[in-house]
Amino acid sequence: MNVQQKEKLFLEVYTDYRLRIYRICYGYIYEKEQVDDLFQEIMLNIWNSMEKFKGDSSIGTWAYRVAVNTALLYNRKTKQYKKVSREATEYNTLTDVGCPDDHKLKETRLNQLGLSISKLDKQDRLIISLILEGLTYDQVSEIVGIKANYVGVKVTRIKKQLYETLKKYDNE
Amino acid sequence: MKLLKNMTMNELDYLGKIWGEIPATDSTQTIAKLKKLDFFQKRINRLKVVAIILILTSLIITLSFLSNITLEVYIGVSIIIASTAIFIGYYLKNQFYTSKLDYGVESARFAHEAITMLRRQNGIFGLPFLMFILFMIAGANIMFLGMIPDSAMTPDSESVPANPLYFHIIFSVLIALSGFLGLLVRRWRIRREVNPLIEELSRFDKE
């Protein structure tokens, strides 16, 4: 693969999957700076791994795999990610707003969803992010490498957990 | 804010819609940054090779200019250099580099490969490191045999207890202590950084 081909393929991934990958980062990590940082690292790995792409799977599946695998090793040198940080800042600030406009409402809803996802295990966070992106169980199975029916089992469990957490926020 | 009012437990469409509202990052400079990084990585690698060649060349030149070097010193220095080079080579070969991983494979396989590499890295500081320290001690002791002057071997002054055994013991203990400290630091890092990661990756690997 020459430089021009590499650039062309990268631009294709970048244009088509940039937003989706960014949302996966958001589902996995909760601080804006860290989300941006992980996103950059994923893009760097996509760029560096471009030559290894043999076309065995679709470019989208491949890009998602790179994203998920990068997330798995992200922050390996730091201590466990502090789940509470976002809970303590963004969410509280937004709920303090007396008369929220549409933008604020969207932000609050996103924060509630993000917070609920943050209560999940790392693996579950990645799986639910892919599901929320609209991927099928088969597609998730192809990315993560677990059987499709097991993805289904996991999603059911994750939904239950999400539902419980969201219910708590609704009651607040 | 009632997020659940539009959601039943069996459907995620509503959450999917909210999910789609996540704002994107301003990443217009990403491609330019990547190209720059790619360029610098290649440049740094070339610089490393040049630096190693320069160090080795200067060491050989310096040794060749020194006079009165005994055979023991040559043997001792050779053992030290050879064992260091072999250990560094082994270390670099088994060191965990994320760049060695194939990010485009399924996560379960990726996790398995990462775990294997991490365990191999942990293994560096077992028997290979112990052998390295032993060879360093042996090399240093052989070197001192040729370096300690005869006057020190046979004390002609009452104030100098010049038993060469002291030199050997002191330096052997110093090297062994340095090795032990290095080992302690590495073990601490393994416990703090590597083992939790292995544990986390194992969840993906098992499924």
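The shown structure was predicted, so the numbers you read here are calculated from the model rather than taken from an experiment.

A few words on the domain arrangement of chain A. Residues and elements named next belong to chain A. Domain parsing of chain A yields domain 1 (3–78) and domain 2 (86–171). Each partner contributes residues to the interface: domain 1 has 14 residues there, and domain 2 has 16 residues. Interface area, domain 1 with domain 2, both sides summed: about 1,500 Å², of which 61% is carbon and sulfur. Glutamate 133 is the partner of arginine 23 in a salt bridge, and the nearest nitrogen-oxygen pair spans 2.5 Å. The interface formed by domain 1 and domain 2 includes three residue pairs in polar contact (both at pLDDT 80 or more).

Right, let's get into the nonpolar core. Judged by nonpolar contacts, the single largest core of 74 residues is most densely connected at Ile21, Ile46, Ile127, Ile128 and Leu130 of chain A together with Leu201 of chain B. Three or more residues apiece are contributed to this core by two domains, here domain 1 (3–78) and domain 2 (86–171) of chain A. Setting aside chain neighbours within four positions, we find leucine 201 of chain B in contact with Leu72 and Leu73 of chain A together with Ala111, Ala114, Ile115 and Leu118 of chain B. By size, the runner-up hydrophobic cluster in this structure holds 15 residues, among which are Val77, Ile124, Phe125 and Phe144 of chain B.

Quick look at the side chain of arginine 186 of chain B now. Residues and elements named next belong to chain B. Mapped onto the elements of the fold, arginine 186 is located in helix 7 (residues 164–206). Comment: no salt bridge for buried arginine 186; closest opposite-charge side chain is glutamate 193, at 6.9 Å. There is a polar contact of 2.9 Å between the side chain of arginine 186 and the side chain of tyrosine 91. Leaving out residues up to four positions away in the same chain, arginine 186 has contacts with Tyr91, Gln121 and Phe125.

Take the confidence of the model for chain B next. The predicted coordinates of low-pLDDT regions are not to be read in fine detail. All names here are of chain B. Averaged over all residues, the pLDDT of chain B is 79; the fraction at 70 or higher stands at 74%. Ranking the elements of chain B by mean pLDDT puts helix 6 (residues 150–153) last, at 51, and helix 4 (residues 107–124) first, at 91. Confidence metrics for the complex model read pTM 0.75 and ipTM 0.79.

With that settled, consider the pattern of salt bridges. All names here are of chain A. Under the definition given, this model contains eight salt bridges over all chains. For glutamate 164, the salt bridge is made with lysine 167, and the minimal N-O distance between the two is 3.9 Å. In this pair, glutamate 164 and lysine 167 are both assigned in helix 8 (residues 148–171), three residues apart and thus about one turn of the helix distant. Accessibility expressed as a relative area gives 41% for glutamate 164, which makes it partly exposed.

In this section: empty space enclosed by the protein. Applying the stated criterion across every chain yields a total of two cavities of 30 Å³ or more. Taken together, Tyr28, Leu72, Lys122 and Gln123 of chain A together with Glu200, Leu201, Arg203 and Phe204 of chain B make up the full set of residues lining the largest cavity. For the lining of the largest cavity, the elements supplying multiple residues, two or more each, are helix 6 (122–132) of chain A together with helix 7 of chain B. Class assignment for the residues of the lining of the largest cavity results in four nonpolar, one polar and three charged. Put simply, the second largest cavity is a space of about 30 Å³. Together, Lys93, Asn94, Gln95, Lys100, Met117 and Arg120 of chain B line the second largest cavity. Contributing elements (two or more residues each) for the lining of the second largest cavity: helix 3 (71–94) and helix 4 of chain B. Here the residues of the lining of the second largest cavity sort into one nonpolar, two polar and three charged.

Across its 18 residues, helix 4 of chain B extends 26 Å between first and last C-alpha, which sits within 8% of the 26 Å expected from 1.5 Å per residue. Burial in helix 4 of chain B covers these residues: Ser107, Ala108, Phe110, Ala111, Ala114, Ile115, Met117, Leu118, Gln121, Asn122 and Ile124 of chain B.

Here we take up the packing of aromatic side chains. Under the defined criterion, the tally for this structure stands at 14 aromatic pairs over all chains. Between phenylalanine 10 of chain A and tryptophan 47 of chain A, the ring centres sit 5.3 Å apart and the planes meet at 85 degrees, which makes this aromatic pair edge-to-face. Of the two residues, phenylalanine 10 of chain A sits in helix 1 (residues 3–28) while tryptophan 47 of chain A sits in helix 2 (residues 32–49), which places them 37 residues apart along the sequence. Relative accessible area serves as the criterion here: at 3%, tryptophan 47 of chain A is assigned to the buried category. Here the aromatic cluster, defined as three or more aromatic residues joined through ring pairs, consists of Phe87, Tyr91, Phe125, Phe129 and Phe132 of chain B. If you follow arginine 125 of chain A out to its NZ or CZ, it ends over the ring of tyrosine 28 of chain A, 5.6 Å from the centre.

Cut-off values and rules
Residues numbered from 1 in each chain as written. Chains lettered and ligands numbered in written order. Predicted model: local features only at pLDDT ≥ 70, side-chain atom pairs only at ≥ 80, totals over all residues. Heavy atoms only, no water. Domains from an automatic or database assignment. Contact = heavy atoms within 4.5 Å. Buried area = accessible area lost by both parts, 1.4 Å probe. Salt bridge = Lys/Arg side-chain N within 4 Å of Asp/Glu carboxyl O. Polar contact = N/O pair within 3.5 Å; in protein donor to acceptor, adjacent residues only side chain to side chain. Core = buried A, V, L, I, M, F, W, Y, C linked by side-chain atoms within 4.5 Å. Buried < 20%, exposed > 50% of the residue type's maximum accessible area, 1.4 Å probe, protein only. Helix = DSSP H or I, 4+ residues; strand = E, 2+ residues; numbered from the N terminus. Lys, Arg positive; Asp, Glu negative; His and termini not counted. pLDDT = per-residue confidence, 0-100. 1 Å grid on protein atoms, 1.4 Å probe; cavity = no way out; pocket = protein on both sides within 12 Å on 5 of 7 lines; lining within 4 Å. Points joined across faces, edges and corners; volume = space filled by probe spheres on them. Nonpolar A, V, L, I, M, F, W, Y, C, P; charged D, E, K, R; others polar. Expected span 1.5 Å × (residues − 1). Phe/Tyr/Trp six-rings, centres within 6.5 Å; stacked < 30°, edge-to-face > 60°. Lys NZ or Arg CZ within 6 Å of the ring centre and 35° of its normal.

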